[in-house]
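# Survey of secondary and tertiary structure
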Amino acid sequence: MLQLSLLGSVSSINNMATMRSIKSTPLYSLLLFFFFLYCHNQLHHVHAQLGRLPPNITGYTCSLNQTTYPCQTYAFYRATAPDFLDLASVGDLFSVSRLMISNPSNISSPTSPLVNNQSLFVPLTCGCNSVNITTAISSANLTYTIQPGDTYYLVSTEKFQNLTTYQSVEVVNPTLVPTNLTIGQNVVFPIFCKCPDATQLQNQVNYLVSYVFQPWDTIESVASLFGSTAQSVISLNGQNIQPSDTIFVPVSRLPILSQPSVAPVTSKKCERRGAVTGLAIGLGLCGGLLILISGLWGYREALLKRRREVEMDKERQKLGAGGTGVSKKVDLNLMADVSDCLDKYRVFGIEELREATDGFDQRCVIQGSVYRGCIDGEMYAIKKMKWNAYEELKILQKVNHGNLVKLEGFSIDPEDGNCYLIYEYVENGSLHSWLHGNKHEKLSWKTRLRIAIDVANGLQYIHEHTRPRVVHKDIKSSNILLDANMRSKIANFGLAKSGCNAITMHIVGTQGYIAPEYLADGVVSTKMDVFSFGVVLLELVSGREAVVDEEGKFLWTSVTGILDGKEETKEKKLKGWMDGVLLQEPCSMESVMNVMTVAVACLHREPSRRPSMVDIVYALCKSDEILFDVSEDGLSPRQVVAR
């Protein structure tokens, strides 16, 4: 009522001013300014009295000096139809594995389907992230790839369910134009979170769970859901909580969520009889349709062949000046291989690449046949290939993940038929050069652990979220690149294989990283990537090369028995084996021990006893809370009481 009366007063004054024609006088303008200032103060006072101050829409500020950052926390999330009714989809959205959600959410199997509105706890790595010179917000920054129809508002409210706001997205992405987003563009979405301070930790508050307040919620009901108290929620968030606000619920441990049970399958005779009858009818219909489909198939193939011939003519003209000249000099099979990519990637002109690399001068070589080049002010890595690029292009079309080097486009030289793949440029070079070539700067343990987690996430993506699964086949420290923030990306899919459990007689790879079963029998599976990743973990811990001497001794053979004996014995042996640089910093020996345990499990000679990348990601991300046993069954996470 007070707001209406104030606004009515303003309207009355304006009407009076209009009638008296004094709007243009300086005295009137001055009086009106002070009146609006008074009204604003009164409205703010009324809001404060009612406990309804406007919510924080750009994020919750934090101090970069707060020692409890970063921390592991959780967000309360609800499964929603149609896109987020399985843990894989939710995990992709939050860049975590299915197992990392299923364990805290009391879900027995990571592959179990979800029901609409099912409750989940999603793990977050919460940090104090700077947005400008003076401000930092407490958030878990997630990279999201823009899809058709996406806006900051829709992704924030629907996909992330108001765990962030479109205003905060604008703040942390100052160089992007919200009204001009392109499909495939990466945008950082800051998920609101907080880390408990020192006092809260002393009071056994281990997590501040991010929760979006719903219209039907009360403070008491939310507190009851988490096993907390209304007063503790109020003391942390205040009383002015409105629907869609992100609040933080203090808990010593996560409550056990009650999950819906799967309805039992009935076995009545009538149901079985109905199933048999339905099957018989279905088979009859299928037989009748088979003849019709066979006839249509031949007609369809003829149409597709004719259409491909027409498209080939267009592609010859697009890939080089003069379709006739190109058709004579470029291998037609290579052109057919890349024809499906024309609409997905930028087609660079060969002259652009020559100009960017000074005619492919040796000074522009990054490594091998990969060159550095600047095109339109943007730096790229240009990979020259003298063989058919079809397999690599086919695989790269299927993958899109922040821990994989992104393919930007390709080019074909009409003179000699060489294919060039143009990748994003990753500034800080390879992990191999940092571990074994950089004598002035060395990686800290925290950075090494973050690199390991990034690589594990990338491998988990190609192993679990591509169909058919992709096996990289050449995981090694020189194929792991580090960006400006020292975050790692997997590169070089030249040897990758789409499909698992195959046998090949053509053994390729790098000595010291090749799994024994692949070297002996040519067995291609995701477990060979797991083995190679285990060698990379050994490099991170020891600082040594995968092949340790001129006699060809492999690094992975030197860890036999390193985890045997009592805890004191194991720690002593590990200190004698690990990189001396790490011994000079206050790194956690428990953390190093956990990573070594994961590495030894990855190197099990029996592929079936090696852990999956899902287990490995979970292990590395939970290194402070979980111990691992290396047994005949490989890696088995075991929950322990946090110290």
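Residues numbered from 1 in each chain as written. Predicted model: local features only at pLDDT ≥ 70, side-chain atom pairs only at ≥ 80, totals over all residues. Heavy atoms only, no water.

### Comments concerning the overall build of the protein
Scanning the protein from N- to C-terminus turns up 22 helices and 20 strands. Taken over 643 residues, the protein has a buried fraction of 44%. In the protein, once contacts between residues fewer than 6 apart in sequence are set aside, the share between residues at least 24 apart is 66%. Roughly 34,100 Å² of accessible area belongs to the protein as shown, and the carbon and sulfur atoms make up 54% of that amount. (Helix = DSSP H or I, 4+ residues; strand = E, 2+ residues; numbered from the N terminus. Buried < 20%, exposed > 50% of the residue type's maximum accessible area, 1.4 Å probe, protein only. Contact = heavy atoms within 4.5 Å. Areas by Shrake-Rupley, 256 points an atom, 1.4 Å probe, with all protein chains shown as cover.)

### As for the sheet that holds strand 10 (residues 378-385)
The mixed open sheet is built from six strands, whose spatial order is 7-11-12-10-9-8. With one partner strand each, in any of the chains shown, strand 7 (346-347) and strand 8 (365-367) form the two edges of the open sheet. Alignment of strand 7 against strand 11 (residues 407-412), held across two bridges, turns out to be parallel. Its bridge partner being in strand 11, V347 is matched across the sheet by F410. (Pairing = 2+ DSSP bridges.)

### Let's talk about helix 19 (residues 567-577)
Of the residues making up helix 19, those classed as buried are K570, L574 and W577. Along the axis of helix 19, the buried residues cluster in a sector spanning 60°; they form a single face. For helix 19, the exposed residues set more than 90 degrees away from the buried face come down to E568, K572 and G576. Turning to helix 19, the residues buried within the fold contact helix 18 (526-542) and helix 21 (589-602). (Arc of directions from axis to C-beta.)

### Description of the pattern of salt bridges
With the rule as written, the count across this model stands at 16 salt bridges. K476 serves as the salt-bridge partner of D474, at 3.8 Å between the closest nitrogen and oxygen. With respect to class, D474 is no different from K476; both count as buried. In this structure, K570 and E567 form a salt bridge, with 3.1 Å as the shortest nitrogen-oxygen distance. Here the residue K570 and the residue E567 both occupy positions in helix 19, the gap between them amounting to three residues, near one helical turn. On the basis of relative accessibility, which here comes to 15%, the residue K570 falls in the buried class. (Salt bridge = Lys/Arg side-chain N within 4 Å of Asp/Glu carboxyl O.)

### Regarding helix 3 (residues 87-94)
Count 3.6 residues to each turn of an α-helix, and residues three or four apart come out pointing the same way. Among the eight residues of helix 3, six are classified as buried, and the element is accordingly described as predominantly covered. Three or more residues of helix 3 are buried, namely L87, A88, V90, G91, L93 and F94. Among the structural elements, strand 1 (71-78), helix 4 (98-102), strand 2 (119-130), strand 3 (136-145) and helix 5 (152-159) are those in contact with the buried residues of helix 3. N-capping of helix 3 is provided by D86, with a side-chain oxygen placed 3.2 Å from the backbone N of A88. At the exit of helix 3 stands S95, carrying a positive phi of roughly 60°. (Polar contact = N/O pair within 3.5 Å; in protein donor to acceptor, adjacent residues only side chain to side chain.)

### Quick word on the confidence of the model for the protein
The share of residues in the protein with pLDDT of 70 or more is 76%, and the mean pLDDT across the chain is 79. Counting contacts from residues 36-55, a segment whose pLDDT is below 50, to residues more than four positions away or on other chains yields 18 contacts. In the model, residues 262-270 has pLDDT below 50 throughout and makes two contacts with residues more than four positions away in sequence or in other chains. (pLDDT = per-residue confidence, 0-100.)

### Notes on the environment of D615
With respect to the helices and strands, D615 occurs in helix 22 (residues 613-621). What makes D615 partly exposed here is its relative accessible area of 21%. Residues D615 and V598, spaced 17 residues apart in sequence, show a C-alpha to C-alpha distance of 9.5 Å.

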